[in-house]
Amino acid sequence: MSTRAVPFHCPYCGDEDLEPYEKDGGWYCRSCARAFKLTFLGIGVKI
Ligand SMILES: [Zn+2]
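Values in this document were obtained by computation on a predicted structure and should not be read as measured data.

**Q** Explanation requested: the coordination of the zinc ion in the structure shown.
**A** Ideal geometry at a metal centre gives angles of 109.5 degrees when four donors are arranged tetrahedrally and 90 or 180 degrees when six donors are arranged octahedrally. All of the protein donors around the zinc ion are Cys 10 (SG), Cys 13 (SG), Cys 29 (SG) and Cys 32 (SG); their distances to the metal are 2.2 to 2.3 Å. Coordination at the zinc ion comes from four donor atoms whose angles at the metal span 105 to 113°, giving a geometry best classed as tetrahedral. Taken in sequence order, the residues that donate to the zinc ion follow the motif C-x2-C-x15-C-x2-C. Here the residue Cys 10 occupies a position in the segment before strand E1 (18-20), and Cys 32 occupies one in the loop between strand E2 (26-29) and strand E3 (35-37), the gap between them amounting to 22 residues. Looking at Cys 10, the relative accessible area reads 4%, which means it is buried.

Structure follows, in structure tokens:
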């Protein structure tokens, strides 16, 4: 199972114009020129 999370919207400006920024899961928003990274923390498990 992949832990790669795919964002549908930029968390900063809400735009959908995203492109992969790094090989390991980073994303870049063309709209606000921010690069960010999402981390998958788990599913069905509450710590
Ligand atoms: Zn943005």
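**Q** Is there a simple way to explain the pairing of E2 in this structure?
**A** In regular strands, side chains alternate between the two faces of the sheet. Of the pairings in the sheet, the one linking E1 to E2 comprises three bridges and is antiparallel in character. Directly across from Pro 20, in E2, lies its bridge partner Trp 27. Between the end of E1 and the start of E2, which pair antiparallel, lie five residues, with Gly 25 showing a positive phi angle near 105°. With three bridges joining them, E2 and E3 adopt antiparallel strand pairing. Its bridge partner being in E3, Tyr 28 is matched across the sheet by Ala 35. In sequence, E2 turns back onto E3 through a hairpin of five residues, with Ala 33 there showing a positive phi of about 60°.

Parameters and conventions
Residues numbered from 1 in each chain as written. Predicted model: local features only at pLDDT ≥ 70, side-chain atom pairs only at ≥ 80, totals over all residues. Heavy atoms only, no water. Donors = N, O, S within 2.8 Å, 3.2 Å for Na, K, Ca; no water. Tetrahedral: all angles 85-135°; square planar, octahedral: opposite > 155°, others 65-115°. Helix = DSSP H or I, 4+ residues; strand = E, 2+ residues; numbered from the N terminus. Buried < 20%, exposed > 50% of the residue type's maximum accessible area, 1.4 Å probe, protein only. Pairing = 2+ DSSP bridges.

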